[in-house]
Amino acid sequence: MAKIEKLTDSERAALVDLLPAWSFARTNAGQNDAIERKFVFKDFSEAFAFMARVALLAEKHDHHPEWTNVYNRVAITLSTHDAGGLSVRDIQLAEAIDMIA
């Protein structure tokens with residue numbers, strides 16, 4: 001299996017324009033190399049349906065988010081643990097999530 005590389009500083013800087021709805025964040029493990037986005041839906045059913053669609057995307061991308069759900073709110077944090085921080089896998093999954101949001 002090929003090693004997954006962390007994003008370079010210039011690639012990280014480009015995320016501001018590439019993924020404007022996402023912000024830099026810490027992972028639940030305390031890592032300071034992640035991106036996050038928070039979503040608000042009409043109710044729990046809409047939030048849960050969104051999470052089900054994201055789960056299917058995550059399986060397709062073989063990359064799984066850290067997330068929380070409280071009633072109509074979903075917070076998603078992406079980081080590539082195998083790379084020790086952000087990687088192209090996070091960008092690809094964030095872009096796919098943005099398409100269904």
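Please refer to the structure higher up on the page.
Let us look at the structure shown here. (Residues numbered from 1 in each chain as written. Predicted model: local features only at pLDDT ≥ 70, side-chain atom pairs only at ≥ 80, totals over all residues. Heavy atoms only, no water.)

## A word on the nonpolar core
Move 1: Trp-22, Ile-35, Phe-50, Val-74, Ile-76 and Ile-97 are the most contacted members of the largest nonpolar core, which totals 21 residues.
Move 2: Of all elements in the fold, only strand E2 (34-40), helix H2 (44-61), strand E4 (73-78) and helix H3 (88-100) reach the threshold of two or more residues within this core.
Move 3: Apart from residues no more than four positions distant in its own chain, Ile-97 is found in contact with Trp-22, Phe-39, Phe-50, Val-54, Leu-57 and Ile-76. (Core = buried A, V, L, I, M, F, W, Y, C linked by side-chain atoms within 4.5 Å. Buried < 20%, exposed > 50% of the residue type's maximum accessible area, 1.4 Å probe, protein only. Helix = DSSP H or I, 4+ residues; strand = E, 2+ residues; numbered from the N terminus. Contact = heavy atoms within 4.5 Å.)

## Quick look at the sheet that holds strand E1 (residues 23-25)
Move 1: Reading across from one edge, E1-E2-E4-E3 is the order of the four strands in this open sheet, with antiparallel pairing throughout. Taken across any chain shown, the strands that pair with only one partner, and hence form the sheet edges, are E1 and strand E3 (66-70). This sheet shows a mean twist of 30° between the axes of neighbouring strands, independent of strand direction.
Move 2: Relative to E2, E1 runs antiparallel, the two sharing three bridges. Bridge pairing in E2 links Phe-24 to Ile-35. (Pairing = 2+ DSSP bridges. Axes fitted to C-alpha atoms, helices over the stretch in contact; angles between N-to-C directions.)

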